[in-house]
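Architecture at a glance
One letter stands for each residue in the lines below.
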Amino acid sequence: MTSQSGPRHFRARAIGAEIILADIFISYAQKAPEPTKTLAADLARLRYEYWFDERLLPVEVFGQVINERIDKAKAVITIWSGPALKSKWVYAEALRADD
């Protein structure tokens, strides 16, 4: 969601660090990153807040953070590339988003 002053930011605490929760969660296969980076750049130009696991901090618990981000996102975009069709992680993210 955007306003004249820019996108709305939601703040939360995660492992002692302040984070910005995204409007849009992008699910993708790491073996095919290019469509995700292009989409992220397009969303940024449109002033949407987005998140994908490129922004995952090394100290964070992967599955927990992914689930949290999906649950709090206003929208989830799944990029169904060839590698994504073979990824159990991308399917799991899509199923969680559908709940």
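To start, this report covers the structure provided alongside it.

The rules behind the values
Residues numbered from 1 in each chain as written. Predicted model: local features only at pLDDT ≥ 70, side-chain atom pairs only at ≥ 80, totals over all residues. Heavy atoms only, no water. Pairing = 2+ DSSP bridges. Helix = DSSP H or I, 4+ residues; strand = E, 2+ residues; numbered from the N terminus. Phe/Tyr/Trp six-rings, centres within 6.5 Å; stacked < 30°, edge-to-face > 60°. Buried < 20%, exposed > 50% of the residue type's maximum accessible area, 1.4 Å probe, protein only.

What follows deals with the sheet that holds strand β6 (residues 50–51). Judged by pairing direction, the sheet is parallel, and its three strands sit side by side in the order β6-β5-β7 without closing on themselves. Where the open sheet ends on each side, the last strands, each with one partner, are β6 and β7 (75–78). Bridging between strand β5 (residues 24–27) and β7 involves four bridges; their strand directions are parallel. Bridge pairing in β7 links Phe25 to Val76.

All right, on to the packing of aromatic side chains then. Throughout the structure, instances matching the rule amount to five aromatic pairs. Ring geometry for Tyr50 and Phe52: centres 6.1 Å apart, planes at 15°, overall stacked. There is no split in this pair, since Tyr50 and Phe52 are both buried. Ring geometry for Phe62 versus Trp89: centroids 6.2 Å apart, planes at 85°, classification edge-to-face. Of this pair, Phe62 sits in helix α2 (residues 62–72) while Trp89 sits in helix α4 (residues 88–98), placing them 27 residues apart in sequence. For Phe62, a relative accessible area of 35% gives the class partly exposed. Chaining the aromatic ring pairs together yields one cluster made of Tyr28, Tyr50 and Phe52.

Purely geometric numbers; function is a separate question.
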